[in-house]
Amino acid sequence: MMGERIPQKVGNIEVTGNCSPCEFNVSGISSITFARGNYTILYTAPMRDYHLQAAFDSLYRVNVTLPQDFDARNPLLAGISSGAVIIGEYDNTTTVMWNRTMSVDLRFYDNNREALLYMFGNFWVVIAIVLLVPFLITVRRKG
């Protein structure tokens, strides 16, 4: 988020709200303009490294819904900018919401990364037990 903004090329732009159809203009690579009002904007953009960042010119309410295969609830694997609320949905999707923000920073993960974290943690627990048991046995004999 430091430095100059780099616009992201997006496609499949859809603006929905209390209009039918909602008119909007696309200028340049990443600028969408429309009449003042309450809208929902949907678009498709490439994503790298399970990391989503967005910056806005004024305060907005932002909702990000992650599909079933992704999550952001484990603080050891995910990173979320301040002010976010995470909600696990009934259909195994995860929604992250910011009420009034000018920037969004969301790092999420897939099921494989979570499984690797638990496997790594279990590995170190086993090593700790193997190293501690002989020490505890010798302390007990001396006492």
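Everything below is about the structure printed above this text.
Residue numbering note: each chain is counted from 1, following its sequence as written. Reporting in this predicted model follows two pLDDT cut-offs: at least 70 for local features of residues, and 80 or more for side-chain atom pairs to be given and counted; totals over whole chains, interfaces and linings ignore these cut-offs and use all residues. Side-chain measures here rest on the full set of heavy atoms in the structure, leaving out hydrogens and waters.

Trainee: Would you explain the overall build of the protein chain in this entry?
Mentor: Strands are runs of DSSP state E lasting at least 2 residues, helices are runs of H or I lasting at least 4, and numbering of each runs from the N terminus. Broken down by element type, the protein chain carries one helix and ten strands. We compute the radius of gyration over the C-alpha atoms and compare it with the globule rule, which gives 2.2 Å times the number of residues raised to the power 0.38. Relative to the globule expectation of 15 Å for 143 residues, the C-alpha radius of gyration of the protein chain, 23 Å, shows a markedly less compact shape. Its C-alpha atoms give the protein chain principal-axis dimensions of roughly 80 × 40 × 25 Å. In this scheme, a residue with accessible area under 20% of its type's maximum is buried, one over 50% is exposed, and one in between is partly exposed, where area comes from a 1.4 Å probe on protein chains only. Taken across its 143 residues, the protein chain has 17% of its residues classed as buried. Contacts spanning at least 24 positions in sequence make up 64% of the contacts within the protein chain whose residues lie at least 6 apart. Of the charged side chains in the protein chain, 12 are positive and 12 negative; the average position of the first set lies 14 Å away from that of the second. Working rule for contacts: check all heavy atoms of both residues, and any pair within 4.5 Å makes them a contact. We treat Lys and Arg as the positive residues and Asp and Glu as the negative residues; His and chain ends play no part in the count. A charged residue contributes its charge at one atom only: NZ of Lys, CZ of Arg, CG of Asp or CD of Glu.

Trainee: Looking at this structure, I do not really get the pairing of strand β8 (residues 84–88). What am I missing?
Mentor: In summary, the side chains of a regular strand alternate between the two faces of the sheet. In this structure, β8 lies alongside strand β9 (residues 94–107), joined through five bridges in antiparallel fashion. Looking at β9, one finds that I87 is bridged to T95. Note: two strands are recorded as paired if DSSP finds a minimum of 2 bridges between them.

Trainee: Whenever I open this one, a nonpolar patch on the surface confuses me. Can you help?
Mentor: Without a salt bridge and with relative accessible area above 30%, a residue can belong to a patch; like charges are then joined within 9 Å and nonpolar side chains (Val, Leu, Ile, Met, Phe, Trp, Tyr) within 5 Å. Values of accessible area rely on a 1.4 Å probe in the Shrake-Rupley scheme; residue burial ignores everything except the protein chains shown. By salt bridge we mean one thing: a side-chain nitrogen of Lys or Arg within 4 Å of a carboxyl oxygen of Asp or Glu. Together, V125, I129, V133 and I137 make up an exposed nonpolar region whose accessible area comes to about 330 Å². Assignment of secondary structure puts I137 in helix α1 (residues 111–142).

Trainee: Explanation requested: unusual backbone geometry in the structure shown.
Mentor: Residues other than glycine predominantly adopt negative phi, and peptide bonds predominantly adopt the trans conformation. Here the phi dihedral of N12 falls at roughly 50°; this positive angle occurs in a residue that is not glycine. Structurally, N12 can be placed in strand β1 (residues 11–17). Classification of N12 by relative accessible area gives exposed; the value is 64%. The phi torsion at Y50 lies on the positive side, around 55°, for a residue other than glycine. Along the chain, Y50 turns up in the loop between β4 (39–44) and β5 (51–66).

Trainee: Where do I start with the packing of aromatic side chains in this structure?
Mentor: Aromatic ring pairs are described here by two measures, namely the spacing of the ring centres and the angle between the planes. Only Phe, Tyr and Trp rings are paired, with Trp represented by its six-membered ring, and only when their centres lie within 6.5 Å; those with planes under 30 degrees apart are stacked, over 60 edge-to-face, the remainder tilted. Taken as a whole and assessed by the stated rule, the structure comprises seven aromatic pairs. Pairing F56 with Y60 gives two aromatic rings, centres 5.4 Å apart and planes at 65°, and the pair type is edge-to-face. Here F56 falls in the partly exposed class, since its relative accessible area comes to 24%. Judged by centre distance (5.5 Å) and plane angle (85°), the rings of F70 and F108 are edge-to-face. Of this pair, F70 sits in strand β6 (residues 70–71) while F108 sits in the loop between β9 and β10 (109–110), and the two are 38 residues apart along the sequence. Overall, the relative accessible area of 23% leaves F70 in the partly exposed class. Here a set of aromatic residues connected by ring pairs shows up, and it is made of Y50, F70 and F108.

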